Amino acid sequence: MDHFISLLSIFVLAVFVGYYVVWSVTPALHTPLMAVTNAISSVIIVGALIAVAVPAMGSASWASKIFGFIAVVFASVNIFGGFMVTSRMLAMYKKKDKK
Amino acid sequence: MNANLASLLYLVSGVLFILALRGLSSPATSRAGNRYGMIGMTIAVVTTLLSHQVLPNIDALTIGMIVVALAIGGGIGAVIAKRVAMTSMPQLVAAFHSLVGMAAVLVAAAAYYVPESYGITLPEGGIKTGSLIEMGLGVAIGAITFSGSIIAFAKLNGNMSGASILLPGRHLLNGAIAVAIVALLVILIVSKGEATWAFWALTALSFVVGITLIIPIGGADMPVVVSMLNSYSGWAAAGIGFTLQNTALIITGSLVGSSGAILSYIMCKGMNRSFISVILGGFGADAGAAAAGGGQKEARPVKQGSADDAAFIMKNAGSVVIVPGYGMAVSQAQHALREMADLLKAEGVKVSYAIHPVAGRMPGHMNVLLAEANVPYDEVFELEDINSAFPQSDVAFVIGANDVTNPAAKTDKASPIYGMPILEVDKAKTVLFVKRGMSSGYAGVENELFFRDNTMMLFGDAKKVVEEIVKGMAH
């Protein structure tokens, strides 16, 4: 089987998983949902790390290292910022005190 | 680390991300979910650092660059996350989307310059057709996400007018740019990736179309726009995931893509508008002009009350339903509102909160603000759950909301908001409206509730009015 087909299968199945999982999210948590999806979509940092690690030989590889560097900065703003702001929000959701 | 082990670990982090979203099905499990997300991210990053694509190449320069980048990015992210006000969440999320979009563009550009590092070269030289398509899509969607989110940020943050800006012939313009982007992608593929100018022209045009797409969309349609850009950032990540053949990216991208799409759908349904009509933009502009033209026709009398009147009415009520809207967020009235609710509860009044799906500027915006003010989440209800309670309620306290309560949405077929689900505050015995003035809402429609006998208007800034009511209750 072509490698592309297996990746495509993962993609299609993940879209369905996403569909059902997101419908089960309570509307009260839609803002944290957006913040956390932001954080996890920054897993694109894996591509940025590979780009930075390209051996520095010639202008093309330097372009890659620099693009990668900037992308790591952007993605890590999102990763740290996204997860931290999500936990800050989630910490505020409290139930009624049982007094 | 061998490639199979790396793939398995990426799969694990993908699964942890699914669990992170799953946790959000209830506030009780959400915090654990967020931890799963962090663990998943850590696994993905460590796996990449130890993979055959990074570890063999590692030298002092590379380590230095990675550490510095993580320190800069992580530091900025942490400071922002600590300092941002909850009312500014929509802007923050828009800003974060733009970063994901830009990161996608940069990673695709890196892969374009050194395709051999990603194993996407053809044996005879050049880049594989499939990879060019994935890369082209990733770049285009990423660039649209970036510039579109910047515009959304500027509109939400007030750097730019929230009104819809209509460029002449914008549909034609966007269509032409879309055709040009596809043509450039074809040139890129035919040249097997040699046509560097086509790659950058494609990127540049995608930046432009991101701007022209979002500029005509007005402020109150922002919940849809923010959700849509959320979705785009996911699809961009998934596109890059195919280029990198990385399952964690593909799984995450599709999760985020469908999440944003579902939120857009929920927001559109909350306004009874089609996704297409929101995207085409211009809503509020035409209707607003019509209302301004015909608005002078009569000055109908409204019943205006003071904060003391409102305090008296609510203290003597059996039940009060509070309906917050964007106006509450703007004036940061949520803490004062909670204080008022506490005083009412001390008097034995039953207090609950009713939230319309599109209240505020992003999905769930009001819920976060109320949570910030320590309102217990089991006192906060969604539209379907609270509407049946209005007929038994003594007071509906509408603060900074307007269109979402307008009965014209049910009765007036000619109204631009006809068919939109509303909070039926008109069924409550008394309706109190806290508003800055008599202006109509975003849709430019007059709300006939203002003129009813059982309605009392409380004019002023939401926070000041509530603070005065709190004072009024004390004596």
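Keep in mind that what you see is a predicted model, and the values were worked out from it rather than measured.

About the criteria used
Residues numbered from 1 in each chain as written. Chains lettered and ligands numbered in written order. Predicted model: local features only at pLDDT ≥ 70, side-chain atom pairs only at ≥ 80, totals over all residues. Heavy atoms only, no water. Helix = DSSP H or I, 4+ residues; strand = E, 2+ residues; numbered from the N terminus. Buried < 20%, exposed > 50% of the residue type's maximum accessible area, 1.4 Å probe, protein only. Contact = heavy atoms within 4.5 Å. Expected span 1.5 Å × (residues − 1). Arc of directions from axis to C-beta. Patch = residues over 30% accessible without salt bridge, like charges linked within 9 Å, V, L, I, M, F, W, Y side chains within 5 Å. Areas by Shrake-Rupley, 256 points an atom, 1.4 Å probe, with all protein chains shown as cover. Salt bridge = Lys/Arg side-chain N within 4 Å of Asp/Glu carboxyl O. Lys, Arg positive; Asp, Glu negative; His and termini not counted. Charge placed at Lys NZ, Arg CZ, Asp CG, Glu CD. Buried area = accessible area lost by both parts, 1.4 Å probe. Polar contact = N/O pair within 3.5 Å; in protein donor to acceptor, adjacent residues only side chain to side chain. Core = buried A, V, L, I, M, F, W, Y, C linked by side-chain atoms within 4.5 Å. Domains from an automatic or database assignment. Pairing = 2+ DSSP bridges. Axes fitted to C-alpha atoms, helices over the stretch in contact; angles between N-to-C directions. UniProt positions renumbered as here; feature names shortened; annotations may be inferred.

Student: Explain the side chain of threonine 405 of chain B here, please?
Tutor: Residues and elements named next belong to chain B. Position of threonine 405 relative to the elements: it lies in the loop between strand E4 (395-399) and helix H17 (408-411). The class of threonine 405 is buried, set by a relative accessible area of 0%. Among residues more than four places away in sequence, those in contact with threonine 405 are Val323, Val398, Ile422, Leu423, Val425, Phe433, Asn447 and Leu449.

Student: What is the right way to look at helix H14 (residues 334-346) of chain B in this model?
Tutor: Three- or four-residue spacings in an α-helix give side chains the same orientation, since the helix completes a turn every 3.6 residues. Residues and elements named next belong to chain B. When the terminal C-alpha atoms of H14 are compared, their 18 Å separation across 13 residues agrees well with the 18 Å that a helix rising 1.5 Å per residue should span. Residues Gln334, Ala336, Leu337, Met340, Ala341 and Leu344 constitute the buried set of H14. Along the axis of H14, the buried positions cluster into a sector of 160°, meaning they face one direction only. Positive phi appears at glycine 348, one or two residues downstream of H14, with a value of about 85°.

Student: Even after reading the chapter, I still don't get a negative patch on the surface, so can you show me in this structure?
Tutor: Residue and element names in this part refer to chain B. A grouping of Asp308, Asp309, Glu339, Glu467 and Glu468 is seen on the molecular surface, where their side chains present a negatively charged patch. Listing elements by their share of the negative patch, those giving two or more residues are helix H12 (307-315) and helix H18 (462-474). Note on placement: glutamate 467 falls in helix H18. Residue glutamate 467 is classed as partly exposed on the basis of its relative accessible area, which comes to 36%.

Student: I keep staring at the interface of chain A and chain B and nothing clicks. Help me out?
Tutor: Size of an interface, as often reported, equals the accessible area lost when the parts are brought together. Each side of the interface is counted separately: chain A has 80 residues, and chain B has 102 residues. Both sides together, the interface formed by chain A and chain B hides about 8,200 Å², and carbon and sulfur atoms give 80% of it. Remark: the boundary between chain A and chain B carries 0 salt bridges. Where chain A meets chain B, there are 20 residue pairs in polar contact (both at pLDDT 80 or more). Secondary structure elements with two or more residues in the side of chain A that touches chain B: helix H1 (3-23), helix H2 (30-41), helix H3 (45-52) and helix H4 (58-90) of chain A.

Student: Can you help me understand the nonpolar core in this one?
Tutor: Taken as a class, soluble globular proteins show a tendency for nonpolar side chains to be buried jointly. One finds Met314, Met340, Phe397 and Ile469 of chain B to be the most contacted residues of the largest nonpolar core, which totals 184 residues. Both domains that furnish three or more residues to this core are identified here as domain 1 (86-280) and domain 2 (307-474) of chain B. Non-local contacts of isoleucine 469 of chain B, meaning those with residues more than four positions away in its chain, are made with Ala307, Ala310, Ala311, Met314, Met340, Phe397 and Leu458 of chain B. In this structure, Leu7 of chain A together with Ala238, Phe242 and Ile250 of chain B belong to the second largest nonpolar core, which totals 5 residues.

Student: When you look at the sheet that holds strand E3 (residues 380-382) of chain B in this model, what are you seeing that I'm missing?
Tutor: Adjacent strands of a sheet form backbone hydrogen bonds with each other and so pair up, either parallel or antiparallel. Residue and element names in this part refer to chain B. Taken together, the 6 strands give an open sheet; going across it, the order is E3-E2-E1-E4-E5-E6, and neighbouring strands pair in parallel fashion. Both edges of this open sheet fall to E3 and strand E6 (455-459), since each of them pairs with a single strand only. Taken pair by pair, the neighbouring strands of this sheet meet at an average axis angle of 25°, ignoring direction. In terms of strand pairing, strand E1 (residues 319-324) meets E4 through 5 bridges, oriented parallel. Across the sheet, residue valine 321 finds its bridge partner in E4, namely alanine 396. The strands touched by helix H15 (residues 365-372) are E1, strand E2 (350-355) and E3; relative to E2, the strand with the most contacts, the crossing angle is about 145°. On the sheet, H18 packs against E4, strand E5 (430-435) and E6 and is oriented at approximately 140° with respect to E4.

Student: What is the right way to read the UniProt feature "transmembrane region" (unreviewed entry) in chain A from this model?
Tutor: Under the UniProt annotation, the feature "transmembrane region" (unreviewed entry) is placed at residues 6-23, 35-54 and 66-91 of chain A. For the annotated span residues 66-91 of chain A, helix accounts for 96% and strand for 0% of the residues, and the straight-line distance between the end C-alpha atoms is 38 Å.

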